[in-house]
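Chain and residue survey
Residues per chain are reported as follows:
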Amino acid sequence: MSDSAAAASSSWDPASWRSKPIKQAPAYPDPSKLTSAVDELNRLPPIVHPNEIQRLKAHLRDVAAGKAFLLQGGDCAELFDYCEQNAIESKIKLLLQMSLVLIWGSGKRIVRIGRMAGQYAKPRSSPTEIVDGKEIPSFRGDILNGFHVDERELDPQRLVKAYHYSAATLNYIRTSIASGIADLHRSLDWGLGHVQDPELKAKYSAIASSIQSTLRFLKAIESSQSGLDSVELFTSHEGLLLEYEQALTRLMENSSVPAAPSAAPRKAAAYYDTSAHFLWIGDRTRQIDHAHVEFFRGIANPIGVKVGPSTPLADILDLLRTLNPDREPGKVTLITRYGAGKVRDLLPQHIRAVEDSEYRATVVWQCDPMHGNTLSTPTGIKTRRFSDIYAELQDTLRIHKEQGSHLGGLHLELTGDAVTECLGGSEGLVEDDLSTNYTSFCDPRLNEKQALELAFLVADHLAQ
Ligand code: PEP
Ligand code: MN
């Protein structure tokens, strides 16, 4: 272990990150307002429960072992305005449609995590930007400031608002699922709302019909159908704003994990970050001796770390040793995001560093083919080429196979709306089309059709 990793293994509490250097930290104009917002958060109940967090952890253990596959997706920057029936339903349906395709291809259970119900804080490369010739603070996500140019000052009351919007979004996710939105018997009703392409529609409908005949068959032979009428959908966000994450981190017991199948449920107290089931450390805040890694090493949630071209090779093992000293399988998801041009150079050495160490077979390798492939058009529109996203994913699948590891999951920025934010795909979107329906306030997302196309690619690969 390097000196910095060893230094990190000293005592921890939910506030110990405060003594470390920090990146992307907000400087609030009035600290007393921050104190009262945090006091309010401290009193509010957990948004998610440790039992659910432990259930996700158990699923991710299966993903690390190659028995299940992880699908994680949602907006780059979730807005408070997206806390609305249609926006939530269309995202749930898209994740379900993609799951169906992936189940069919892989024969594996799919673990679903939304970038939803809390993905409100954005790291920015520059603290300011020029709008209409004027330099103003950058938009840092609804939890910090507003997109409108008059709302760019940081407002601590937004922390409390973020809590309420997260809770309301998760409430609607729970109630939709409890009311049968995810019933596999209804998979033909999930829409394909905006997808017009007859070939893709036919491919999806064939899978959905075939699943329905299987369900009828199972019913006919009175096989147990438990689990087919409902699914789990977990929530996640980047754990960027540590004031917020600390306030929702609680010492709690979980009663859901039996130590052995025959044993009584274990009740172990641990610090759970109850703002979401899964949190990840972004590409800009994963310095080993800094505040974010310090905070994350103490929480019992399963966590992710973005890994990219700027990650020093030696940091990968130091991060695992700091964040997962007990080597729990599935505790850490490495979310790789190199870009189509760099994945072939970097991924093999990163896989070898982990798989030739004591962390062999403990991590979930997840591909984020979005964040290494962002570009600007000559007119300054932020976009991504579907062909680059597809190429990085295809190379990632192949490299894992060659290296004897396996791709455990997919991390995507997507929306159920018919947006025109990424170029290409079978609709062949070109630069002039981008303005048709570009609604992202941050990074460009895949639309429903492009997202399904990627699901088919992975399903076909996993079926081989
Ligand atoms: C993101 O996931 O939206 C993001 C900012 O990614 P990264 O930290 O990998 O750049
Ligand atoms: Mn993004």
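Residues numbered from 1 in each chain as written. Chains lettered and ligands numbered in written order. Predicted model: local features only at pLDDT ≥ 70, side-chain atom pairs only at ≥ 80, totals over all residues.

So, the sheet that holds strand β8 (residues 278-281)
- Strand order around the closed barrel formed by 8 strands is β1-β2-β5-β8-β9-β10-β11-β14, with parallel pairing between neighbours. Ignoring strand direction, the axes of neighbouring strands in this sheet form an average angle of 25°.
- Two strands pair when backbone bridges link them, and β8 and strand β9 (residues 303-307) are joined in this way by 3 bridges, in the parallel orientation. Each residue of the ladder has a partner; that of Leu-279, found in β9, is Ile-303. (Pairing = 2+ DSSP bridges. Helix = DSSP H or I, 4+ residues; strand = E, 2+ residues; numbered from the N terminus. Axes fitted to C-alpha atoms, helices over the stretch in contact; angles between N-to-C directions.)

Side note on the site of ligand 1
- Around ligand 1, the neighbouring residues are Cys-76, Pro-123, Gly-282, Asp-283, Lys-306, Arg-337, His-371 and Asp-443.
- Its residues assigned to classes, the shell around ligand 1 shows 2 nonpolar, 2 polar and 4 charged. (Near = placed C-beta within 6 Å. Nonpolar A, V, L, I, M, F, W, Y, C, P; charged D, E, K, R; others polar.)

A word on the nonpolar core
- Of all hydrophobic cores here, the largest spans 105 residues; its most connected members are Met-98, Leu-102, Ala-451 and Ala-455.
- With 10 residues, helix α4 (residues 85-106) is the single largest residue contributor to this core. (Core = buried A, V, L, I, M, F, W, Y, C linked by C-beta atoms within 7 Å. Buried ≥ 20, exposed ≤ 12 C-beta atoms within 10 Å, placed from the backbone.)

Details of the UniProt feature "binding site: Mn(2+)" (unreviewed entry) in the protein
- Residues annotated by UniProt as "binding site: Mn(2+)" (unreviewed entry) correspond here to Cys-76, His-371, Glu-413 and Asp-443. Spatially, the listed residues are clustered: although they cover 368 residues, their C-alpha atoms lie within 10.0 Å of one another.
- Using a count of 23 C-beta atoms within 10 Å as the deciding quantity, one classes Cys-76 as buried.
- When you line up the elements, His-371 lands in the loop between β11 (364-367) and β12 (374-376).
- Taking the C-beta count within 10 Å as the criterion, His-371 has 20 such neighbours and is therefore assigned buried.
- In contact with His-371, other than residues within four places in its own chain, are Asp-283 and Arg-337. (UniProt positions renumbered as here; feature names shortened; annotations may be inferred. Contact = placed C-beta atoms within 7 Å.)

Description of the UniProt feature "binding site: phosphoenolpyruvate" (unreviewed entry) in the protein
- In the numbering adopted here, UniProt assigns the feature "binding site: phosphoenolpyruvate" (unreviewed entry) to Arg-115, Lys-306 and Arg-337.
- As for its placement among the helices and strands, Arg-115 is situated in strand β2 (residues 109-115).
- Apart from residues lying up to four places away in sequence, Arg-115 is in contact with Gln-72, Gly-73, Gly-74, Asp-75, Glu-78, Ser-236 and His-237.
- Following the sequence through the fold, Lys-306 ends up in strand β9.
- Contacts of Lys-306, omitting those with residues within four sequence positions, involve Trp-280, Ile-281, Gly-282, Asp-283, Arg-286, Ile-335 and Arg-337.

Quick word on the environment of Cys-442
- As for its placement among the helices and strands, Cys-442 is situated in the loop between β15 (422-423) and α12 (448-463).
- For the pair Cys-442 and Arg-124, spaced 318 residues apart in sequence, the C-alpha separation works out to 9.8 Å.
- Not counting residues within four places of it along the chain, the set of residues in contact with Cys-442 comprises Cys-76, Ala-77 and Lys-122.

Some words on the sheet that holds β15
- The strand order across the open sheet built from 3 strands is β12-β13-β15, with neighbouring strands paired in mixed fashion. Of all the strands in the sheet, just β12 and β15 have a single pairing partner and so form its edges.
- Relative to strand β13 (residues 382-385), β12 runs antiparallel, the two being bridged by 3 bridges. Looking at the pairing, Leu-375 lines up with Thr-383 of β13.
- In the packing of helix α11 (residues 386-403) onto the sheet, the strands contacted are β13 and β15, and the crossing angle to β13 comes to about 50°.

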